[in-house]
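Residue-level structure breakdown
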Amino acid sequence: MRKICIHFQVVQPHLLRTYRFFDINQNHNYFDDYQNRYLIHRMADRSFLPANQLMMDLIEKYPDSLYLSMSISGSTIMLLKEYYPEALDSFKKLIATGNVEVTGSTLTHSLASLNNKNTFLEQIKLQEEILQSTFGVKPTVFCNTELIYSDEIGEWLYEAGYHTVLTEGARHILGWKSPGYLYCNPYKTDLNVLMRNPILSDDVTFRFNDSSWDQYPLSAEKMIQTIDFFPEEEPLVNLFWDYDLLGLVQQDENGIFEFFKAFLSQLASSSNHQLCTPSTIVKSNKTKSTIHVPWAISSSGEEKDHNEWLGNELQQEAFSQLFKLEELYKKSTCEYTKLTWLRLQNAFHFNFMSTKWFPHESVKRIFDVYPSPYQAFINYMNVLNDVKLQLEKTIK
Amino acid sequence: MKVLMFGWEFPPHISGGLGTACYGLTKGLAKNDVEVLFVMPKASQDEDQTYTRIIDASSIAVDFTQPHITSLFQNVSFIEVNSKLVPYVGINQYYQLVDQMRSGTLVTQASEGKRTFEFTGKYTQNLMQEVENYALVAAQIASEYDFDIIHAHDWLTYKAGVAARKISGKPLIVHVHATEFDRSGENNINDIVYGMERYGMSEADAVCAVSNWTRNIVINKYHIDAKKVFPLHNAVEPVLKEVVRKKYVKEKIVTFLGRVTFQKGPEYFIESAKKILDRDPNVRFVLAGDGDLMHNAIERVAELGISDRFHFTGFLRGAEIDEMFGMSDVYVMPSISEPFGISPLEAMRAYVPVVISKQSGVSEVLTHAIKVDFWDVDAMADAIHGILHYPALAHFLGEKGKDDVDDLRWEKVAERLKKIYNQLLNS
């Protein structure tokens, strides 16, 4: 019986308001409250709430065979708590069924793992706290921002108490290997690595509504047929998606909810497939081999690297200036500014500064807030400058 | 393919962008195997004729014994116009000329029913008379020369283009480099100029506009059928020598270069300067150029109390412009309505990062420039400040901007134009 591991990443950033240079050292309200409220409502109404309802209904129908996993960033939890508590309750109910494994992540969809171990561990710890207080769970499986992973990041995660990590089945890493096996970190062999099947996952994300695609329209049957076509000895299929795929990236009108309903129901009632959480997979499956990831990979673009966030000079500059404030963060007593610094690590901010045009940018840029990467950079740097001043002022 | 092209000026004797654009275009067309006969009112014989043959309208004898020519001009009356008649740029010289020039440029010598006209080729109060005479000469040229298509640049030459079309029956393209709405603003439209523009556009078989911004004005304000209006963006000539970066002051320099007129939005530059200087006095602002808003500009700068950091250079030319770019850290073009706007490209060629208004044609072809609404002084100031204070941004924009400009070549523009020519010839 083939195991199907389905994971959803729930992320939404705190967007910055237009913050001019003359606001520096004058105003410290950095976030666009109106926009953030609007967007989290839009997201919840179109995606989270109907998707949660769909999952609840299915779990009720298949309580013993429908299992999923999900990560939900601390930022998203905070946004929901502040602007849409009903939607947060809906997540609480879903998680309370016990059929959804909550995986660990960073608090603010942070890019810290790309250069800063201490901050990364801090982010993980804070996220564990918010998961504990909100859902009463403690994760043992980790899903990093945009599936970013390297051997070194794996070691850090192992140190932080995780036994499994989800990442991208990047072709340049796997080579002839298949993502359909369980792998482990070469230095910490107790750390299991689950690798996403990029083709199948992206069939839904990018091609579901693409009428020029030769497999269009995609149906649950077709998807399961493709899965059954994989070599029999491959025990796993890992399908990882952003949760807003349901209803936002792909719209309700195009039948995305119907697709998931059929897909999950058929898998849950099939005798050849078993829906599993990452934890149950690592309990029942042996690792096939080690997987070497010397440089960070991610789910981004065709290259599966970190170019989308640190690909140009502006992004690199902002990133390096950001982490120069680490010592100030540790010493400061101002919780609000400290939290802002953590939020500034959000991958979305760096995404806005990207000058790389890859084919699917529109998917990631559902809410492009800046007219150009240059204005995104200027705005970010203005905020960062004030954060620096405020941290300096509040050193204990 | 042979094109009969009507212009008003050609390098080296130019007062602004129109002549430069004509030169670039003829050069690009030559590379695309299109032959150009370039007619201008007054040639000085030192024009670069490598790529085109220049016909000096002043040397053409109009044969008044030919009834088909005279019949075109039976009802011509000359109207003296007293307004901002400047196509494209060069209002500085215009005002000087108006002051200096004697009226009555029409001096003729008649012999055996033929006579020649003397043109100044400048923008004077007798402009309208020159425009009419130019059309008369155009008709004569059209009956003497062999060509496939007619191309007329800006409203001064439209009438000439239409006359040539009537005589020869060949298709006419009028090329809109600026409209009366850009020059004078919504509420000060000169009816005669507007009428002349609309006449040319209506009579033409196709209209080329230097941007979509201008194309929309042609469609919406001149009511020209959108199907015959094509956007044709300008380009720049590659530089022969690199601009030398050389500064004489330690402060960063922010530059505005252009006519100090309504259209160019100098007041937004001044207001932005004030916002920046309030937070950082270590910046110098330079307003390079001259024009009818100069006095207002100087007064406003004094009123804001920033005169010690705000400098006026007056009109710059040639080497002075290069030197100005060489010391600039940011170039700003806050134009209210700019059909194209070549100056940011000249700045970018010198690796200077630019902030430009969205209300410009050039913003349609640039990727690596910061674009703001001309009225959004906060955004403009923030963009300038960002470039001044975040070195990574200045460096990135400088390098990428250069690539951007190097990509805008007249050869490519001419290639697109040739397609339009072919489309007209085949229809």
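Turning our eyes to something else, we now look at the overall build of chain B. Looking only at helices and strands, chain B features 15 helices and 16 strands. Here chain B, with 427 residues, has 53% of them falling under the buried criterion.

The next subject is the overall build of chain A. Within chain A, the secondary structure is distributed over 17 helices and ten strands. Against the 2.2 N^0.38 benchmark of 21 Å for 396 residues, chain A shows a C-alpha radius of gyration of 21 Å, consistent with a compact globule. Taking the principal axes of its C-alpha atoms as reference, chain A extends roughly 65 × 45 × 40 Å. Counting across all 396 residues of chain A, residues that qualify as buried make up 49%. For chain A, the proportion of contacts with a sequence separation of at least 24, taken over those separated by at least 6, is 79%.

Looking now at the environment of A:Asn36. Residue and element names in this part refer to chain A. In this fold, Asn-36 is placed in helix 1 (residues 33–61). The buried category is assigned to Asn-36, around which 21 C-beta atoms lie within 10 Å. Sequence separation of Asn-36 and Tyr-162 is 126 residues, and the distance between their C-alpha atoms is 32 Å. Those residues in contact with Asn-36, other than ones at most four positions away along the chain, are His-14, Leu-15, Phe-31 and Leu-79.

Turning next to the sheet that holds strand 3 (residues 53–56) of chain B. All names here are of chain B. Pairing within the open sheet is parallel, and its seven strands lie in the order 3-2-1-7-8-9-10. Of all strands in the sheet, those with a lone pairing partner are strand 3 and strand 10 (229–231), marking the two edges. Between one strand axis and the next, the sheet turns by 25 degrees as a mean value, whatever way the strands run. In this sheet, strand 2 (residues 35–40) lies alongside strand 1 (residues 2–6) in parallel orientation, the contact comprising five bridges. Bridge assignment links Val-3 to a residue of strand 2, and that residue is Val-36. Along the sheet, helix 1 (residues 17–31) contacts strand 1, strand 2 and strand 7 (149–153); its crossing angle with strand 2, the most-contacted strand, is approximately 160 degrees.

Residue and element names in this part refer to chain B. Between helix 5 (residues 155–168) and helix 7 (residues 191–203), whose axes approach to 9 Å, the crossing angle comes to 40 degrees. Between helix 5 and helix 7 lies a crossing whose hand is left-handed. Facing helix 5, whose interface residues are Trp-155, Tyr-158, Lys-159, Gly-161, Val-162 and Arg-165, helix 7 presents Val-193, Met-196, Glu-197, Tyr-199, Gly-200 and Glu-203. Residues of the contact of helix 5 with helix 7, tallied by class, amount to six nonpolar, two polar and four charged.

A few words now on the pairing of strand 5 (residues 164–168) of chain A. Residue and element names in this part refer to chain A. Extensive coverage of strand 5 is indicated by the burial of five of its five residues. With three bridges connecting them, strand 4 (residues 141–143) and strand 5 associate as parallel partners. Looking at strand 5, one finds that Val-141 is bridged to Thr-164. Note that strand 5 and strand 7 (residues 192–196) share five bridges and pair parallel. What sits directly across from Leu-166, in strand 7, is Leu-194.

By a frequent convention, interface size equals the accessible area lost on bringing the separate parts together. Residues and elements named next belong to chain B. When its domains are assigned, chain B resolves into domain 1 (2–235 + 409–426) and domain 2 (252–406). Counting residues at the interface gives 18 residues for domain 1 and 17 residues for domain 2. Looking at the side of domain 1 that touches domain 2, the elements that each hand over two or more residues are helix 3 (91–100), helix 6 (180–184) and helix 8 (212–221). Looking at the side of domain 1 that touches domain 2 residue by residue, the classes come out as six nonpolar, ten polar and two charged.

If you look at the interface, chain B gives 15 residues, while chain A gives 14 residues. The set of elements that each furnish at least two residues to the side of chain B that touches chain A consists of helix 9 (266–279), strand 16 (370–372), helix 13 (377–389) and helix 14 (391–406) of chain B. Along the lines of polarity and charge, the residues of the side of chain B that touches chain A split into seven nonpolar, three polar and five charged.

Moving on to the nonpolar core. The nonpolar side chains of soluble globular proteins are, as a tendency, buried together. Core analysis: the biggest nonpolar cluster contains 242 residues, and A:Phe377, B:Val39, B:Ala138, B:Ala164, B:Val207, B:Val355 and B:Ile384 have the highest contact counts within it. Sorting elements by how many residues they give to this core places helix 4 (residues 127–144) of chain B first, with eleven residues. Setting aside anything within four residues of it in sequence, one finds B:Val355 in contact with B:Val330, B:Val332, B:Ile370, B:Val372, B:Met380, B:Ala383 and B:Ile384.

Taken over all residues, the pLDDT of chain A has a mean of 94, while the share at 70 or more is 97%. Predicted confidence for residues 358–364 of chain A stays below pLDDT 50, and this span has seven contacts to residues more than four positions away or in other chains.

Take the pairing of strand 1 of chain B next. Residues and elements named next belong to chain B. Of all five residues in strand 1, four are buried, a share of seventy percent or more. As paired elements, strand 1 and strand 7 share four bridges and run parallel to each other. Bridging across to strand 7, Phe-6 finds its partner in Ala-152.

All names here are of chain A. Under the domain assignment used here, chain A contains domain 1 (2–290) and domain 2 (307–393). When each unit is reduced to the centre of its C-alpha atoms, the spacing between domain 1 and domain 2 is 23 Å. The partner domain 2 presents 25 residues to the 33 residues of domain 1 that form the contact. Looking at which element gives the most residues to the side of domain 1 that touches domain 2, the answer is helix 4 (residues 117–135), with three residues.

This brings us to unusual backbone geometry. All names here are of chain A. The amide bond that connects Tyr-216 to the next residue, Pro-217, takes the cis arrangement and shows omega of -5 degrees. Along the chain, Pro-217 turns up in the loop between helix 7 (198–205) and helix 8 (220–229). Within the chain, Glu-146 stands out as a residue other than glycine whose phi angle is a positive 50 degrees.

The next subject is the packing of helix 1 of chain A against helix 9 (residues 256–268) of chain A. Residue and element names in this part refer to chain A. Where helix 1 contacts helix 9, the axes come no closer than 11 Å and their chain directions differ by 25 degrees. Relative to helix 9, the element helix 1 lies roughly parallel. When the axes of helix 1 and helix 9 are compared, the crossing they make is right-handed. Between helix 1, through Pro-50, Leu-54 and Leu-58, and helix 9, the contact on the second element is made entirely by Phe-257, Phe-260, Lys-261, Leu-264, Ser-265 and Ala-268.

All names here are of chain B. Helix length check: helix 5, at 14 residues, gives a terminal C-alpha distance of 20 Å against a target of 20 Å (1.5 Å per residue), a fit within 8%. In terms of burial, helix 5 is largely enclosed, as 13 of its 14 residues are buried. Gly-169 sits one or two residues past helix 5 and shows a positive phi near 75 degrees.

All names here are of chain A. For Gln-123, the position within the fold is in helix 4. The buried category is assigned to Gln-123, around which 26 C-beta atoms lie within 10 Å. Between the C-alpha atoms of Gln-123 and Leu-88, which are 35 residues apart in sequence, the distance is 21 Å. Among residues more than four places away in sequence, those in contact with Gln-123 are Thr-106, Leu-107, Thr-108, Ser-110, Ala-112 and Leu-342.

Cut-offs used in this document
- Residues numbered from 1 in each chain as written.
- Chains lettered and ligands numbered in written order.
- Predicted model: local features only at pLDDT ≥ 70, side-chain atom pairs only at ≥ 80, totals over all residues.
- Helix = DSSP H or I, 4+ residues; strand = E, 2+ residues; numbered from the N terminus.
- Buried ≥ 20, exposed ≤ 12 C-beta atoms within 10 Å, placed from the backbone.
- Rg over C-alpha atoms; globule rule 2.2 N^0.38 Å.
- Contact = placed C-beta atoms within 7 Å.
- Pairing = 2+ DSSP bridges.
- Axes fitted to C-alpha atoms, helices over the stretch in contact; angles between N-to-C directions.
- Left-handed = near helix turned anticlockwise from the far one by under 90°.
- Nonpolar A, V, L, I, M, F, W, Y, C, P; charged D, E, K, R; others polar.
- Domains from an automatic or database assignment.
- Core = buried A, V, L, I, M, F, W, Y, C linked by C-beta atoms within 7 Å.
- pLDDT = per-residue confidence, 0-100.
- Parallel < 35°, antiparallel > 145°, perpendicular 65-115°, else oblique.
- Expected span 1.5 Å × (residues − 1).

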